[in-house]
Structures are given as C-alpha cells and as structure tokens.
Amino acid sequence: MATSTPPSTTSTKRTPLPFAYQFLAGSIAGVTEIACMYPLDLVKTRFQLQVIPPPSKVPLVQPHGTTTSTTTTTPKGHPLTAPRPYTSIIGCLQRVIRREGVRHLYRGILPPLIAEAPKRAIKFGANEQWGFVLKKLFSLDRLTAFQAGFVGSMAGATEAFFVTPFELVKVRLQDRGSLKLYTGTVDCMRKVASQEGVFTFYHGLESTIWRHATWSGMYFMTVHGFRTAFPERSTASKEENMMRNFVAGTLGGVLGTLVNTPFDVVKSRIQNQHAGPIGWAFSRVAHLYREEGFRALYKGLAPKLVRLGPGGGLLLVVFDRTSELMRSFVFEDSNNNESAVIVTL
C-alpha cells in the first residue's frame, strides 16, 4: 500500500471486510486492550470488594474503649482483620506492586483472555439475530435508536450466559484475600468445583445479565442516536470518520458504564462470596445502598472510566490497523479504509 499516492478524486463504494476478518480483527483488538489495560480492571474489582460503611454506620467508641462492630471472618470462619482500604487508583497500583509484586497486577488475566474471542462472536451473532427477529416480528426496514438499544440489551444478556464462569474465576483471583487460597487459574477452578460445586461457576448470573444488558442497551442506543444525529459525510476523511466513531463509542461507553456499575458491584460481591444466600440483583443493590450508602453503588467507577478512554482509543486503532492489513490481502484496492466502534464492556 503506497502511502505517497494521493487519494482518488473519484468516489468509490466502501467494501466491507467479510465477517470472519472483522471478527478476527476485533478479537485481536480486544485481546490487546485487555493485555494493556488489565491492571485497571484489577483496581476496579479491589474497590468493589472492599466494604466501607458510611459515617453514620462507623462503629462507635463505648465508655470502656470498646467498639461496636461486626466480626469479619474468612470463608472458613477464622477472624480476619480488615486491611486498610484503597482510596485511589495510583495508591492501589502502588500497594499491589509494593506488597504483592508487579506480576500480581495481571493476576486473573487468563480467563478474560480465553473468553475474549468467543465472547465477541456471541455478541456479534446475538446482536445480528435479535435484530433480525425484531425486524421480522414488526415488519421493520430499519431500527430506531430505542429499538437498537433493545436489540443490544438482548445481545448483552445472551453474552452473559457465556462469560459468567470466566468472570467468577477472574474476580476470585483479583481479590487480595485470595492470594493464599488460589495459586492460579487452574487451581481456582479446581477448588471451586471440588469445594463449592460446579454450579458455583454460575453464581452471579442474574447480576451479570443485568450488567451486560444495561451496558449494551445504552451503548448501542447512544451510538445509533449519535450516528443518526451526525451522519457520515461523503467527503469526510478517514481521520474524521475515526474521530466520529470514537466519540460515539466513548459517549455510549460512558453512559453504559454509569447505568451498569451498580450491577457490576453486586456481581463482584456475589461471585467472591464463598457461602451464604445470594439473593436477587435488585435486592442486593438496595441492600448495598442501605448499608454503605449511595457512593458504594459506584465503587470502581473511576478506573472503569479511566480505562474506557485510552482503552477505547486503543481498540479503535488496533482494529483499524489490523483491518487495513487484512484488506491488503483480501482486496486489490486497499485504499478503502474502514473503522468500527468497538469499545467493550
């Protein structure tokens, strides 16, 4: 591909890559994003798992110097002294490096890496099929933004059935209390299956469904609305189209994250719970609000948003460059470029 050749003045129709190539490019981009941004996911989970009651529920000092508080125990019932809570992204990263080592920033990364490609295939396929069903059911030629959001939410819910076991293993390994419980991914899977039963891998399924459905629904509805409000210009440059897609994807990702974070917190709590009743997602959200306050519903929001910006940009760049490379082998005319909004949950 000669970069010195000026763009043609004649308009050419953009030829999309075959789905298999788009899927492969998206998978490569997704794996790259996970590998680069995973420490922020670990920070998010650490924030979500720590329990900090609001000031009104802080243990009171009694006349003789004792405090009224509940005893925290390990999964086997032994008393556990609550560690000093994390208060910032940088502080969490520094403490993990200092006390656990740099490699523990990537503890639990194997499950999401393994799940990335099939998860993306399920999301693409489910979104396509649910869209087809909706159009056929109501005789629609094209979807509105709200309908695109509904289709996206159904695709997200479908995806949740696949990712839940991978998420549980990841959360267990990311918890700082698991360092002495599990030596790695295989050890965690073996112990969960033998000690808690194979159905434990689907603990948190309902909250995972709500997490993915709300995020995907808001994301696709926002992207569809943005593209409708700001249609692609026929004379737009590749850079302008990339920026348009990036802004749409980032806006959809931010709004989706604001909607789904309470379910994400509950999901992490449930999946790291070794015993006791699980309860329904909405009841757990209400309990979390009552016990720890409104801010607890958005624990881990900061690292999620920090990851969304550079992570979304990285996804877009890797997908675009990989697509260009593949296009040079698929089509003789490699001057046609394409970019896609592939910001992920």
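Residues numbered from 1 in each chain as written. Predicted model: local features only at pLDDT ≥ 70, side-chain atom pairs only at ≥ 80, totals over all residues. Heavy atoms only, no water.

Per an unreviewed UniProt entry, the chain goes by the name Mitochondrial carrier and belongs to Linnemannia elongata AG-77. In the Sequence similarities (unreviewed entry) part of its UniProt record, the chain is described as follows: "Belongs to the mitochondrial carrier (TC 2.A.29) family." The UniProt entry for the chain carries the following comment under Subcellular location (unreviewed entry): "Mitochondrion inner membrane". (UniProt positions renumbered as here; feature names shortened; annotations may be inferred.)

Caption draft 1: Structural detail: the nonpolar core. Core analysis: the largest hydrophobic core is formed by 11 residues, namely Met37, Leu40, Leu42, Val43, Phe47, Tyr86, Ile89, Cys92, Leu93, Val96 and Leu105. Residue assignment for this core shows that the elements contributing at least two residues are α1 (19-49) and α2 (89-99). Among the elements that take part in this core, α1 stands out by supplying 5 residues, more than any other. Setting aside its immediate chain neighbours within four residues, Val43 contacts Ile89, Cys92, Leu93 and Pro303. One finds Phe263, Val265, Val285 and Leu288 within the second-largest nonpolar core, a separate group that totals 9 residues. (Core = buried A, V, L, I, M, F, W, Y, C linked by side-chain atoms within 4.5 Å. Buried < 20%, exposed > 50% of the residue type's maximum accessible area, 1.4 Å probe, protein only. Helix = DSSP H or I, 4+ residues; strand = E, 2+ residues; numbered from the N terminus. Contact = heavy atoms within 4.5 Å.)

Caption draft 2: Just the side chain of Asn272, in detail. Within the secondary structure, Asn272 sits in the loop between α7 (238-271) and α8 (281-292). A distance of 3.1 Å separates a polar atom in the side chain of Asn272 from a polar atom in the side chain of Asp175. Asn272 has contacts with Leu49, Val171, Arg172 and Asp175, leaving out every residue within four places of it along the chain. (Polar contact = N/O pair within 3.5 Å; in protein donor to acceptor, adjacent residues only side chain to side chain.)

Caption draft 3: Broad picture of the packing of α7 against α8. Running from amino to carboxyl end, α7 crosses α8 at an angle of 95 degrees, the nearest separation of the two axes being 10 Å. With respect to α8, the element α7 is oriented roughly perpendicular. Between α7 and α8, the contacting residues are Pro262, Phe263, Val265, Val266, Arg269 and Ile270 on the first element and Ala281, Phe282, Arg284, Val285, Leu288 and Glu292 on the second. Residues belonging to the contact of α7 with α8 are distributed by class as follows: 9 nonpolar, no polar and 3 charged. (Axes fitted to C-alpha atoms, helices over the stretch in contact; angles between N-to-C directions. Parallel < 35°, antiparallel > 145°, perpendicular 65-115°, else oblique. Nonpolar A, V, L, I, M, F, W, Y, C, P; charged D, E, K, R; others polar.)

Caption draft 4: Representation of the environment of Ile278. Along the chain, the position of Ile278 falls in the loop between α7 and α8. A relative accessible area of 25% places Ile278 in the partly exposed class. C-alpha separation for the pair Ile278 and Gly204, spaced 74 residues apart in sequence, amounts to 8.0 Å.

Caption draft 5: Up close: the pattern of salt bridges. Throughout the structure, instances matching the rule amount to 22 salt bridges. The shortest N-O distance in the salt bridge between Lys170 and Asp41 comes to 2.9 Å. Of this pair, Lys170 sits in helix α4 (residues 145-174) while Asp41 sits in helix α1, placing them 129 residues apart in sequence. The burial state of Lys170 is the same as that of Asp41; both residues are buried. Note that Asp264 is salt-bridged to Lys44, the shortest N-O span being 3.2 Å. Residue Asp264 is found in helix α7, and its partner Lys44 is found in helix α1; the two are separated by 220 residues along the sequence. Take Asp264: its relative accessible area is 0%, and that puts it in the buried class. Ionic contacts of the salt-bridge type, sharing partners, join the residues Glu33, Asp41, Lys44, Glu167, Lys170, Arg211, Asp264, Lys267, Lys304 and Arg307 into one network. (Salt bridge = Lys/Arg side-chain N within 4 Å of Asp/Glu carboxyl O.)

Caption draft 6: Examining the packing of aromatic side chains more closely. All chains considered together, the criterion is met by 10 aromatic pairs. Ring plane angle 50 degrees and centroid distance 6.5 Å describe the contact between Phe47 and Tyr86, whose orientation is recorded as tilted. In this pair, Phe47 is assigned in helix α1 and Tyr86 in the loop between α1 and α2, connecting sequence segments 39 residues apart. Since its relative accessible area comes to 10%, Phe47 is described here as buried. Between Trp210 and Phe263 the ring centres are 5.8 Å apart and the planes differ by 15 degrees, which places this aromatic pair in the stacked class. Of this pair, Trp210 sits in helix α6 (residues 205-229) while Phe263 sits in helix α7, placing them 53 residues apart in sequence. By relative accessible area, Trp210 is classed as partly exposed at 33%. On the basis of relative accessibility, which here comes to 9%, the residue Phe263 falls in the buried class. (Phe/Tyr/Trp six-rings, centres within 6.5 Å; stacked < 30°, edge-to-face > 60°.)

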